[in-house]
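Chain and residue survey
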Amino acid sequence: MSDDLPSSKLQRGGIIAKTGIRVGARYAAHHLKQVITGREDAEAKSRLHRDNATQVFKEFSRLRGTALKLAQTLSLDNAILPEEVVDVMAQAQYQVPPLNRSLVRRILKQELGAEPEQLFARFEPDAKAAASIGQVHRATLKDGTEVAVKIQYPHVRDTIESDLGIARLFAERFMSKAKADNYFEEVREKLLEETDYLNEGRQLDAYHARFNGDKYATPKRIPELSTGKVLTMTYLDGVHMDAFLKRNPSQEEKDRYGQHFWDFFHDQIDHDHTVYADAHPGNFLFLPDGRLGIVDFGCIKKSPPDFFNNYIRLFDVHMDNPERLKEIYSALEMVDPTGEDQQTEAEFLAFCAAFGDLFLSPYRTEIFDFGREGFDRDVAKYAREATRFTEPRGSRHFIYVTRLHVGMYRILMKLGARVATGGGKDLLRDYLEKTGDAA
Amino acid sequence: MEPDLFERRERAAEQAASLYGLDPQTFTWAAWADATGEAEADLKLLFSTKTAALRWFYTALPERIGRRLELIPEFGTFTLAERYAQYVYTALDLLDSQREFVEKTYRRYVIETSGTHAFASGSAAFFRKTAGSDTRIPDINRPFMPDFVFDLMGHAMLRLVAFWLEDESDGSGQTLAWVDKTTALFQEAAYSGVADRAVDLLKFIYQFLRR
Ligand SMILES: Nc1ncnc2c1ncn2[C@@H]1O[C@H](COP(=O)(O)OP(=O)(O)O)[C@@H](O)[C@H]1O
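Just so it is clear, the structure is predicted and the values come from calculations on it, not from any experiment.

So, about the overall build of chain B. When you go through chain B residue by residue, the secondary structure sums to 11 helices and zero strands. Counting from the amino terminus, helix and strand elements in chain B follow one another as α-α-α-α-α-α-α-α-α-α-α. A compact globule built from 211 residues should have a C-alpha radius of gyration of about 17 Å, and chain B, at 19 Å, falls within 12% of that. Each principal axis of the C-alpha atoms in chain B carries an extent, and together these give about 60 × 40 × 35 Å. Counting across all 211 residues of chain B, residues that qualify as buried make up 50%. Computing the positive centroid from 24 side-chain charges and the negative centroid from 31, chain B places the two 5 Å apart.

So this is what it looks like as structure tokens:
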């Protein structure tokens, strides 16, 4: 065997640990994709791949011999290589191989101190759904309550740390170190936070108290069966958007759920600068009673007040006060009024102005049809154009706040929902009035 | 139901391990009888010496595990990897329940014994029997699974416990991940019959043993 095989116990242990859970890599990459590109530009994507595949291969060729084979067998490489990651990510969330049933028992025993037969009246040994860093099982409590039990994969935290390290290798190729540090810190913080199911449980409680009702349904936590790695909550019996659309729902049905999405975003505006930051279709369930089910409260973003208020202020700026565009976009670190290349800054500001106008166009009519011919295409066009500007821009707090906003738009476009925008507009105006207009 | 002889011995051995784990000095026949609720004379029928009970804690592990596996309702539907992993996790559970004792004595009573320890041979027998009765393994693969493979796995079991005792990762995550992946890999090799993977696995186990 060659000498440069990393052969110390420690190193090999590390490799084994990494190969242990491939999910972390995909998960991190999923978030990073948004940080790094923030858009779905085919050309940028392939450029990224060409440049970086080489780099990664170099890094990984260090792990020759058995360890590398192991990694291949476990197809860790698939998850790490960017082209694979980006393509696979679209469905990856639902295709993670389930934990084997003995490991599920082991984790329950370790976390809750007993076998599933003792803990529940019924526990389904096969997972119902894959979560990003765990999986969800259905079960029935002894009192008959139907629950979802989310079980975290072992070793996720370490995996995230090491995967982020690798991902940084890519990132630093097209952004400055300072930028990368900044964005990565934000992502790292959030990812690690999401591995703490106790924290998620607290957030679930808070949202349940606030939102569970006529329009929205959120699960109720079962505290005595929840720990840092296991989260037991009431089961929401609904379907994901794809399944909902497959049933050919009427326009009215689509509008009703669409309205709930729109309201869910706006109902959060006046709440301690804190928003639900995980607006992807997997986290929403269409309940037969017409309510919008919301699951997964691991990713809640609390922004610094200044950032958040300026973000909301974009509404006012675009709608009524265009003379403040530069001021607000500067405050949000989108443009740099002191930068050397003011030509580029001006171009970027113009771009922001145009994109912002398009993005806010729903607010300009009473009823906006998100299925409107060309709206999704125009949004995509702007997103593509953003790649012309070399470095990713904007405060790190954008990452998660826009995730909610853009995520909601994506869902509404996919639904083809018609939404009454007035209520949202009023909430924004009220909030802005309350906070004053300092940048 | 009256506990059978095995169960009485198991309870007595666990109490012995618990007392010894707290403080070897306090592990006396009297204290032991007190803790188990058995008369001293009865204890002496179960185990001829105190040390015999402590050793039994380890030598009887395969049977103790086997009895617990029988209680899992869906065990019959488990795949090869799941059965193996369940075996290992159950072993770790039993050891963990007397962790202090195990930390004090595992080397002396298991690793450093001469010849093959019953925990290794009994584990090997379980691994062999489980593979032998698994109809999902195509016959064409069986030549790649000679007996020594299972003996190796039995030995790996002993080493794994030593590794686990040193594993300071959160919730013994390193050990869990290792068990999960090696059993999955073994199953893949056994079910799909990629001979070179099986050879890889052997090498891997061999390297693990040498650590
Ligand atoms: N309370 C619940 N009721 C019904 N289904 C749930 C519930 N919680 C989670 N799920 C299902 O499990 C999937 C993954 O759970 P989620 O909380 O989103 O995990 P993660 O945050 O790790 O991605 C969801 O898409 C949903 O289908």
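For the rest of this paragraph, the subject is the overall build of chain A. When helices and strands are tallied, chain A shows 19 helices and 12 strands. Here chain A, with 439 residues, has 56% of them falling under the buried criterion. Surface summary for chain A: the accessible area is close to 19100 Å², and the carbon and sulfur share equals 51%.

All names here are of chain A. In the vicinity of the ligand there are 21 residues, among which K150, L236, G282, N283 and D296 approach most closely. Take N283: an N or O atom from its side chain is 2.8 Å from an oxygen atom of the ligand. Relative to its unbound accessible area of 550 Å², the ligand is 97% covered by the protein chains. The set of elements that each furnish at least two residues to the shell around the ligand consists of β2 (129–130), β4 (146–152) and β6 (230–234). By residue class, the composition of the shell around the ligand is 12 nonpolar, six polar and three charged.

Residues and elements named next belong to chain B. Inspection of the entire model under this criterion finds 48 aromatic pairs over all chains. Relative to W32, the ring of F27 lies with its centre 5.4 Å away and its plane at 65 degrees, an arrangement referred to as edge-to-face. What makes F27 buried here is its relative accessible area of 3%. For W32, a relative accessible area of 0% gives the class buried. Taken together, the ring pairs in this structure connect F6, Y20, F27, W29, W32, F47, W56, F57, Y58, F101, Y106 and Y109 into an aromatic cluster. Directly above the aromatic system of W29 lies the positively charged group of K44, at a separation of 4.8 Å from the ring centroid. Across from the ring centre of F27, 5.3 Å away, lies the NZ or CZ of K50, which sits over that ring.

All right, on to the pattern of salt bridges then. For the coordinates displayed, the defined rule picks out 40 salt bridges over all chains. A salt bridge links B:D93 to A:R106; the nearest nitrogen and oxygen atoms lie 2.6 Å apart. You can see B:D93 sitting in helix α6 (residues 80–96) and its partner A:R106 sitting in helix α7 (residues 101–112), one on each of two chains. Look at A:R106 and you get buried, because its relative accessible area is 6%. With a closest N to O distance of 3.1 Å, B:E38 and B:R8 form a salt bridge. In this pair, B:E38 sits in the loop between α2 (29–36) and α3 (40–46) while B:R8 sits in helix α1 (residues 5–22), placing the two residues 30 residues apart along the sequence. Of the residues examined, B:R8 reaches a relative accessible area of 28% and is grouped as partly exposed.

The next subject is the domain arrangement of chain B. Residue and element names in this part refer to chain B. Looking at the assigned domains, one finds that chain B contains domain 1 (1–57) and domain 2 (60–209). Counting from both sides, the interface comprises 16 residues of domain 1 and, opposite them, 17 residues of domain 2. Taken over both partners, the interface formed by domain 1 and domain 2 buries close to 1500 Å², and the fraction arising from carbon and sulfur atoms is 55%. Applying the counting rule to domain 1 against domain 2 returns four salt bridges. The closest approach of N and O atoms between E14 and R64, which form a salt bridge, is 2.8 Å. For the pair domain 1 and domain 2, the interface holds nine residue pairs in polar contact (both at pLDDT 80 or more). Here the side of domain 1 that touches domain 2 gets nine residues from one element, more than from any other, and that element is α1.

A few words now on the nonpolar core. In terms of nonpolar packing, the biggest core is built from 156 residues, with B:W32, B:Y58, B:Y106 and B:F119 touching the most fellow members. Apart from the residues within four sequence positions on either side, B:Y106 is in contact with B:Y58, B:I111, B:F119, B:M157, B:L158, B:V161, B:A162 and B:L165. Grouped together as the second largest cluster of nonpolar side chains are seven residues, A:Y183, A:V187, A:C299 and A:I399 included.

Residues and elements named next belong to chain A. For helix α19 (residues 422–435), built from 14 residues, the straight-helix expectation of 20 Å at 1.5 Å per residue is met to within 8% by its first-to-last C-alpha distance of 20 Å. Looking only at α19, the buried set comprises G422, G424, K425, L428, Y431 and L432. At its buried positions, α19 is contacted by α13 (251–266), α14 (305–319) and β12 (418–420). Trailing α19 by a residue or two, G436 shows a phi angle of about 75 degrees, which is positive.

This part is about the pairing of β4(A). Both faces of the sheet carry side chains from a regular strand, because those side chains alternate between them. Residue and element names in this part refer to chain A. Here β4 lies mainly inside the structure; six of its seven residues are buried. In this sheet, β4 lies alongside strand β3 (residues 134–140) in antiparallel orientation, the contact comprising seven bridges. Counterpart to H137 in the pairing with β4 is V149. In this antiparallel pair of consecutive strands, β3 and β4, the connection spans five residues, and G144 shows a positive phi of 95 degrees. Sheet topology note: the β4/β6 ladder contains five bridges and is antiparallel. Within β6, the residue paired with V149 across the bridge is T232.

All names here are of chain A. Phi is positive for D296, which is not a glycine, with a value near 75 degrees. Note on placement: D296 falls in the loop between β9 (292–294) and β10 (300–302). In this structure D296 comes out as buried when scored by relative accessible area, which is 14%. Positive phi values are uncommon outside glycine, yet E333 reaches one of about 65 degrees. Of note, E333 is situated in the loop between α15 (325–331) and α16 (342–359). For E333, a relative accessible area of 49% translates into the label partly exposed.

What follows deals with the sheet that holds strand β8 (residues 284–286) of chain A. Residue and element names in this part refer to chain A. The three strands are arranged β5-β9-β8 in an open sheet whose pairing can be described as mixed. The sheet terminates laterally at β5 (216–217) and β8, the two strands that pair on one side only. Looking at chain direction, β8 and β9 are connected through three bridges and run antiparallel. Bridging across to β9, L285 finds its partner in G293.

Criteria and cut-off values
Residues numbered from 1 in each chain as written. Chains lettered and ligands numbered in written order. Predicted model: local features only at pLDDT ≥ 70, side-chain atom pairs only at ≥ 80, totals over all residues. Heavy atoms only, no water. Helix = DSSP H or I, 4+ residues; strand = E, 2+ residues; numbered from the N terminus. Rg over C-alpha atoms; globule rule 2.2 N^0.38 Å. Buried < 20%, exposed > 50% of the residue type's maximum accessible area, 1.4 Å probe, protein only. Lys, Arg positive; Asp, Glu negative; His and termini not counted. Charge placed at Lys NZ, Arg CZ, Asp CG, Glu CD. Areas by Shrake-Rupley, 256 points an atom, 1.4 Å probe, with all protein chains shown as cover. Near = heavy atom within 4 Å. Polar contact = N/O pair within 3.5 Å; in protein donor to acceptor, adjacent residues only side chain to side chain. Nonpolar A, V, L, I, M, F, W, Y, C, P; charged D, E, K, R; others polar. Phe/Tyr/Trp six-rings, centres within 6.5 Å; stacked < 30°, edge-to-face > 60°. Lys NZ or Arg CZ within 6 Å of the ring centre and 35° of its normal. Salt bridge = Lys/Arg side-chain N within 4 Å of Asp/Glu carboxyl O. Domains from an automatic or database assignment. Contact = heavy atoms within 4.5 Å. Buried area = accessible area lost by both parts, 1.4 Å probe. Core = buried A, V, L, I, M, F, W, Y, C linked by side-chain atoms within 4.5 Å. Expected span 1.5 Å × (residues − 1). Pairing = 2+ DSSP bridges.

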